[in-house]
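# What the coordinates show
Below, each chain spelled out in residue letters.
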Amino acid sequence: MLVAFVLVSFLVPFAVAAVATEVVRRVALRVGLVDKPAARKVHEDVTPLGGGLAIFVAVAVTGSGFWAAAAWLVSAGVPSWAPAGVDELAAGALGRWPELLAIGAAAATLVATGLLDDRFALPWQPRLAVQVLAAAAVAVYGARISVFVDSAWFGVLVTTGWIVTLVNSFNFLDNMNGLSGGLAVIASVTLATVMLCGGGEKHWFVAAGALALAGGVGGFLVHNWRGRIFMGDAGSYFVGLSLGTLTAAATFYSDAFGSRHVIVAPLLILAVPLYDTASVLWIRFREGRSPFRPDKSHFSHRLVEMGMTRTSAVLTIYLAGTVCGLSAVLLYQVPGWTGAGLLIALVACVLGVIAMLETVGVRSARDEAGEEAGPTR
């Protein structure tokens, strides 16, 4: 059952997204939904936007299919050949319809906002307002982070902030082919692994969402890796909202794990996007620039400035994301906060080494460029 569940949850949205992305790409070219080269951008050709719409459609189609299958199983009865426990899974899925409706409405709102921004370049204030409202809707009616504080409003505030942070983190990361999408796949697969293999009871609902997101983004990456289409704000908003919601739903505590330390797993899984956001904001504030003004101070840009190719920079960030993800998987195998502290320190050291190499490498590259240019007046 597990293998079939994983394959269906991943391959269906992968196939739908691969086809839908090509359709969106052709339509985007016709309606002028394109991204043109500019000083703060690394691509050199006019490129279609809207790949995020294809990802959203793929995940929505998969989710609707699972919902229809669950409704059929509950109404018609479970066939004799079906694996044991399918009836309970189907009933559980149908019982979460308010949560799913809230998440679906929030996702559709952010995708629509992202498409409008891709087409008309909206100011940051209304975009941020929509992000906050969508995240709050999810926190009120859907998944919620409690951090063991018995207060509904506290959970809503923490969850809203978490989701908005991830929405903008993946928007920041969407600056090179395959970067934001690739990290989303790594994070989603890691989360699904934790939900299915972390120990104790399997959490099928969250795992299905994570695998569907990984499949949808994977189908899009077939086109994006070659630079044929970008996900745009519609895609980065949807990916950030989805991962924020899924990780919020995964921050539960089970006695099977023996300690509350497993709630830090989302921080490890998403350490690289969070590092990029924190470092970019720090650079912009330090230099007295607006945190909402695009530039080339992102993680990937700094690696390229050190001398890496864009492909090498993206693959390097993939490796960093994978190391952080593996630390989250290992978190469920270590006892208590002592083991969790060691894994958190491991991830911090990995990111710290990268930060030091970036600082020294970028400074050296700039010094060499100055020497080659010669003295100036």
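The structure under discussion appears in the preceding block.
Residues numbered from 1 in each chain as written. Predicted model: local features only at pLDDT ≥ 70, side-chain atom pairs only at ≥ 80, totals over all residues. Heavy atoms only, no water.

Check the secondary structure of the protein and you find 14 helices and two strands. The buried share among the 377 residues of the protein stands at 48%. (Helix = DSSP H or I, 4+ residues; strand = E, 2+ residues; numbered from the N terminus. Buried < 20%, exposed > 50% of the residue type's maximum accessible area, 1.4 Å probe, protein only.)

Bringing helix 1 (residues 2–31) into the picture now. The terminal C-alpha atoms of helix 1 lie 43 Å apart, and with 30 residues this matches the ideal 44 Å at 1.5 Å per residue to within 8%. Considered for burial, the residues of helix 1 that qualify are Phe5, Ser9, Pro13, Ala17, Ala18, Ala20, Thr21, Glu22, Val24, Arg25 and Ala28. Positioned one or two residues after helix 1, Gly32 has a phi angle of 80 degrees, which is positive. (Expected span 1.5 Å × (residues − 1).)

A contiguous nonpolar patch, built from Val19, Val23, Val27 and Val31 and spanning about 340 Å² of accessible area, is present on the exposed surface. Relative to the elements of secondary structure, Val27 occurs in helix 1. (Patch = residues over 30% accessible without salt bridge, like charges linked within 9 Å, V, L, I, M, F, W, Y side chains within 5 Å. Areas by Shrake-Rupley, 256 points an atom, 1.4 Å probe, with all protein chains shown as cover. Salt bridge = Lys/Arg side-chain N within 4 Å of Asp/Glu carboxyl O.)

Another aspect to go through is the packing of helix 4 (residues 97–120) against helix 9 (residues 232–249). Two quantities define a packed helix pair, namely the angle between the axes and the distance from one axis to the other. Contact geometry for helix 4 and helix 9: axes closest at 6 Å, N-to-C directions at 155 degrees. With respect to helix 9, the axis of helix 4 lies roughly antiparallel. Like other packed secondary-structure pairs, helix 4 and helix 9 cross with a definite hand, here right-handed. Taken together, the residues of helix 9 that come into contact with helix 4 (itself represented by Ile103, Ala106, Ala107, Leu110, Val111, Thr113, Gly114, Leu115, Asp117 and Asp118) are Gly232, Asp233, Ala234, Tyr237, Phe238, Leu241 and Thr245. Its residues placed into classes, the contact of helix 4 with helix 9 shows ten nonpolar, four polar and three charged. (Axes fitted to C-alpha atoms, helices over the stretch in contact; angles between N-to-C directions. Parallel < 35°, antiparallel > 145°, perpendicular 65-115°, else oblique. Left-handed = near helix turned anticlockwise from the far one by under 90°. Contact = heavy atoms within 4.5 Å. Nonpolar A, V, L, I, M, F, W, Y, C, P; charged D, E, K, R; others polar.)

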